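# Structural features, examined
Okay, here's what each chain looks like letter by letter:
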Amino acid sequence: MNYLKKYGIGGKISLVFNVLRTKIFFPSARLIRFPFFIRGSGNICLGSSLTTGVGCRIEAITELSGAKVITFGRNVQINDYVHIGGVNSIIIGDNVLIASKVFITDHNHGSYGKGSVQSNPLIPPANRPLSSAPVVIEDNVWIGEFVSVLPGVTIGKGAIIGTLSVVTKNIEPYTI
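## Some remarks on the side chain of His 83
Take His 83: it is sitting in strand S7 (residues 83-86). The exposure class of His 83 is buried, given its relative accessible area of 18%. Among the polar contacts listed, one links the side chain of His 83 to the side chain of Arg 57, at a separation of 3.1 Å. Setting aside residues up to four positions removed in sequence, His 83 forms contacts with Arg 57, Glu 59, Val 102, Phe 103 and Ile 104.

## Quick word on the state of the cysteines
Cysteine pairs can be covalently joined through their sulfur atoms, and such a bond is termed a disulfide. Inspection of the entire model under this criterion finds zero disulfides. Of all cysteine sulfurs in the structure, the one in Cys 56 sits closest to Cys 45, which takes part in no disulfide; the separation is 17 Å. Looking at Cys 56, the relative accessible area reads 0%, which means it is buried.

## A closer look at the sheet that holds strand S16 (residues 154-155)
Reading across from one edge, S2-S5-S8-S13-S16 is the order of the five strands in this open sheet, with parallel pairing throughout. In the strand order of this sheet, the two ends are held by strand S2 (44-45) and S16, each with one partner. Summarising the sheet, strand S8 (residues 90-92) and strand S13 (residues 135-137) pair through three bridges and their orientation is parallel. Residue Ile 92 lies in a different strand from S13, and its bridge partner there is Ile 137.

## As for the pattern of salt bridges
Per the stated rule, a full pass over the model turns up three salt bridges. Its salt-bridge partner being Glu 59, residue Arg 39 comes within 3.6 Å of it at the nearest N-O pair. One end of the pair, Arg 39, is in strand S1 (residues 36-39); the other, Glu 59, is in strand S4 (residues 56-60), with 20 residues separating them in the sequence. A salt bridge links Arg 57 to Glu 59; the shortest N-O distance between them is 3.0 Å. Since its relative accessible area comes to 36%, Arg 57 is described here as partly exposed. When its relative accessible area of 13% is taken as the criterion, Glu 59 is described as buried. Several salt bridges converge on common partners, so that one network encompasses Arg 39, Arg 57 and Glu 59.

## With respect to the packing of aromatic side chains
Going through the model one piece at a time under the given rule, you end up with two aromatic pairs. Note on Phe 26 and Phe 34: the rings are 6.5 Å apart at their centroids and 35° apart in plane angle, and the pair reads as tilted. With centroids separated by 5.3 Å and ring planes inclined at 85°, the aromatic side chains of Phe 26 and Phe 36 adopt a geometry described as edge-to-face. One end of the pair, Phe 26, is in the loop between helix H1 (3-25) and S1; the other, Phe 36, is in strand S1, and ten residues separate them in sequence. Both residues of the pair, Phe 26 and Phe 36, belong to the buried class. Arg 21 extends its terminal NZ or CZ atom over the ring of Phe 34, reaching a point 3.9 Å from the ring centre.

## Things to note about unusual backbone geometry
Pro 35 follows Phe 34 through a cis peptide bond whose omega is 10°. A positive phi angle is found at Asn 75, which is not glycine, with a value near 60°. Among the secondary structure elements, Asn 75 is positioned in the loop between strand S5 (70-72) and strand S6 (77-78). The partly exposed category is assigned to Asn 75, whose relative accessible area is 37%. A positive phi is found at Tyr 81, a non-glycine position, where the angle reads about 60°. When you line up the elements, Tyr 81 lands in the loop between S6 and S7. Taking relative accessible area as the criterion, Tyr 81 reaches 49% and is therefore assigned partly exposed.

Conventions adopted
Residues numbered from 1 in each chain as written. Predicted model: local features only at pLDDT ≥ 70, side-chain atom pairs only at ≥ 80, totals over all residues. Heavy atoms only, no water. Helix = DSSP H or I, 4+ residues; strand = E, 2+ residues; numbered from the N terminus. Buried < 20%, exposed > 50% of the residue type's maximum accessible area, 1.4 Å probe, protein only. Polar contact = N/O pair within 3.5 Å; in protein donor to acceptor, adjacent residues only side chain to side chain. Contact = heavy atoms within 4.5 Å. Disulfide = S-S within 2.5 Å. Pairing = 2+ DSSP bridges. Salt bridge = Lys/Arg side-chain N within 4 Å of Asp/Glu carboxyl O. Phe/Tyr/Trp six-rings, centres within 6.5 Å; stacked < 30°, edge-to-face > 60°. Lys NZ or Arg CZ within 6 Å of the ring centre and 35° of its normal.

Okay, structure coming up:
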């Protein structure tokens, strides 16, 4: 493949710069395109051969020292401006492809819709206690652009989540 033709001279320089930074700061990753934002790195397992687009945010918000809150499998590809935020458990399987502008979270500012304890809407959202439930994205899943994956769901192996979907309940394996 002719990378100069595909990326242009500026793109090629940027690609070389990103490959070098990846190998220095994230040696198990395939390619991290910068800027790349990571919070709580001690609670995140990036897996092997991770590829990201620009502007990705991966945040493990926890007080549990060393607990892996966000875990990536092998050969995961996340595109531009993906935001993954976890306080409990987010597991992303092998060979998962995540399009641009996807939001994955295992928590909410407050508790809504499940159980008997509901948050008071008169309390500012930032002051409400976090509620959380694990998220599992199994192997070979494809998540389209602008998708939101909310707490407490499992996306089954080989599933495809179409663009602009909001995933609020489990998705069976091999379904669209």
